[in-house]
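# Observations on chain architecture
Residue-level listing of the chains:
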Amino acid sequence: MATVAPSGEGRPKILVFSTNNISDPGIDLAGSQHMNYPPSVKVISIPCSGGINPNWVLHALEAGFDGVFIAADGGDCAYLPDCTTRTARIVERAQGMLKERGKDPRRVKMAAICSVCSEPFVSHMRQFTEALSKL
């Protein structure tokens, strides 16, 4: 796999897996409040973060994203009582698969983002962008 250069404007490209019912509203709130985060952040909505396949994370990185952020449901998941635990295991598997390929596992991050968590989301995106820029 080739090394991915940061996307336009010198910013790393980040793919966010966001959940329809929990983290999407928080991310949308950041936009409606005109909060600034890098335009190189792209969001894909999914029903539940516990259903992410680690291979999707690797595919995103191989397809040109510099990092993958999973906006997990946390304890508010309507689908799985152990969503946070499952999502953490998915992140660990994806990071392990990256290590096996000689890639930096810090390219994958996870945090719970709730429906009113616009400020934490923006903060995570800024911090992750900065961290990826240093890799």
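Turning to the sheet that holds strand 2 (residues 41-46), a few remarks are in order. The 4 strands are arranged 2-1-3-4 in an open sheet whose pairing can be described as parallel. The sheet is open, and its two borders are formed by strand 2 and strand 4 (108-112), each paired with just one other strand. On average, each strand axis in the sheet is inclined to that of its neighbour by 20 degrees, with strand direction left out of account. Relative to strand 4, strand 3 (residues 67-72) runs parallel, the two being bridged by 5 bridges. The residue bridging Ala 72 from the neighbouring strand is Ala 112, located in strand 4.

To continue, consider the pairing of strand 1 (residues 14-19). Counting buried positions over the 6 residues of strand 1 gives 6, a clear majority of the element. By the alternation rule, side chains of strand 1 split into Ile 14, Val 16 and Ser 18 and Leu 15, Phe 17 and Thr 19, which are all buried. Of the pairings in the sheet, the one linking strand 1 to strand 2 comprises 6 bridges and is parallel in character. Counterpart to Thr 19 in the pairing with strand 2 is Ile 46. In this fold, strand 1 hands off to helix 1 (residues 23-32), which returns the chain to strand 2; that crossover is right-handed. Two elements, strand 1 and strand 3, share 5 bridges in a ladder whose sense is parallel.

Here we come to the state of the cysteines. As enumerated under the stated definition, the model contains 1 disulfide in all. The disulfide partner of Cys 114 is Cys 117, and the S-S distance across this bridge is 2.2 Å. Here the S-S torsion is close to 95 degrees, and the disulfide linking Cys 114 with Cys 117 is therefore right-handed.

Enumeration according to the criterion identifies 3 salt bridges in this entry. Across the pair Asp 104 and Arg 106 runs a salt bridge whose closest N-O atoms are separated by 2.7 Å.

Quick look at the nonpolar core now. Burial of nonpolar side chains together is a common tendency in soluble globular proteins. Counting residues in hydrophobic clusters, the biggest one holds 17 residues, and the most contacted among them are Phe 17, Ile 52, Val 57, Leu 61, Val 68, Ile 70 and Val 108. Secondary-structure elements contributing two or more residues to this core are strand 1, helix 2 (54-62), strand 3 and helix 3 (83-100). Ranked by the residues each element gives to this core, the list is headed by helix 3, at 5 residues. Ignoring anything within four residues of it in the chain, the contact list for Ile 70 reads Phe 17, Ser 49, Ile 52, Val 57, Thr 87, Val 91, Lys 109, Met 110 and Ala 111. Formed by 13 residues, the second largest nonpolar core is a distinct cluster that contains Ile 14, Val 16, Ile 27 and Met 125.

Packing of helix 2 against helix 3 brings their axes to within 8 Å, and their N-to-C directions diverge by 45 degrees. If you check the angle between helix 2 and helix 3, you find them oblique. The hand of the helix 2/helix 3 crossing is right-handed. Across the interface between the two elements, Pro 54, Asn 55, Val 57, Leu 58 and Leu 61 of helix 2 pack against Ile 90, Arg 93, Ala 94, Met 97 and Leu 98 of helix 3. Among the residues forming the contact of helix 2 with helix 3, the class breakdown is 8 nonpolar, 1 polar and 1 charged.

Before going further, it helps to spend a moment on the packing of aromatic side chains. The final tally for this structure, using the stated rule, is 3 aromatic pairs. With a centroid separation of 6.3 Å and 35 degrees between ring planes, the pair formed by Phe 17 and Trp 56 is classed as tilted. Within this pair, whereas Phe 17 is found in strand 1, its partner Trp 56 is found in helix 2, the two being separated by 39 residues in sequence. With relative accessibility at 42%, the residue Trp 56 sits in the partly exposed group. Seen in terms of ring centroids, Tyr 37 and Phe 121 are 5.1 Å apart; in terms of plane orientation they differ by 85 degrees. Their pairing is edge-to-face. Of the two residues, Tyr 37 sits in the loop between helix 1 and strand 2 while Phe 121 sits in helix 4 (residues 118-134), which places them 84 residues apart along the sequence. One Lys or Arg, Lys 13, reaches over the ring of Phe 65 and ends 5.0 Å from the middle of that ring.

Thresholds, definitions, all that
Residues numbered from 1 in each chain as written. Predicted model: local features only at pLDDT ≥ 70, side-chain atom pairs only at ≥ 80, totals over all residues. Heavy atoms only, no water. Pairing = 2+ DSSP bridges. Helix = DSSP H or I, 4+ residues; strand = E, 2+ residues; numbered from the N terminus. Axes fitted to C-alpha atoms, helices over the stretch in contact; angles between N-to-C directions. Buried < 20%, exposed > 50% of the residue type's maximum accessible area, 1.4 Å probe, protein only. Right-handed = clockwise from strand over helix to strand, strands pointing away. Disulfide = S-S within 2.5 Å. Salt bridge = Lys/Arg side-chain N within 4 Å of Asp/Glu carboxyl O. Core = buried A, V, L, I, M, F, W, Y, C linked by side-chain atoms within 4.5 Å. Contact = heavy atoms within 4.5 Å. Parallel < 35°, antiparallel > 145°, perpendicular 65-115°, else oblique. Left-handed = near helix turned anticlockwise from the far one by under 90°. Nonpolar A, V, L, I, M, F, W, Y, C, P; charged D, E, K, R; others polar. Phe/Tyr/Trp six-rings, centres within 6.5 Å; stacked < 30°, edge-to-face > 60°. Lys NZ or Arg CZ within 6 Å of the ring centre and 35° of its normal.

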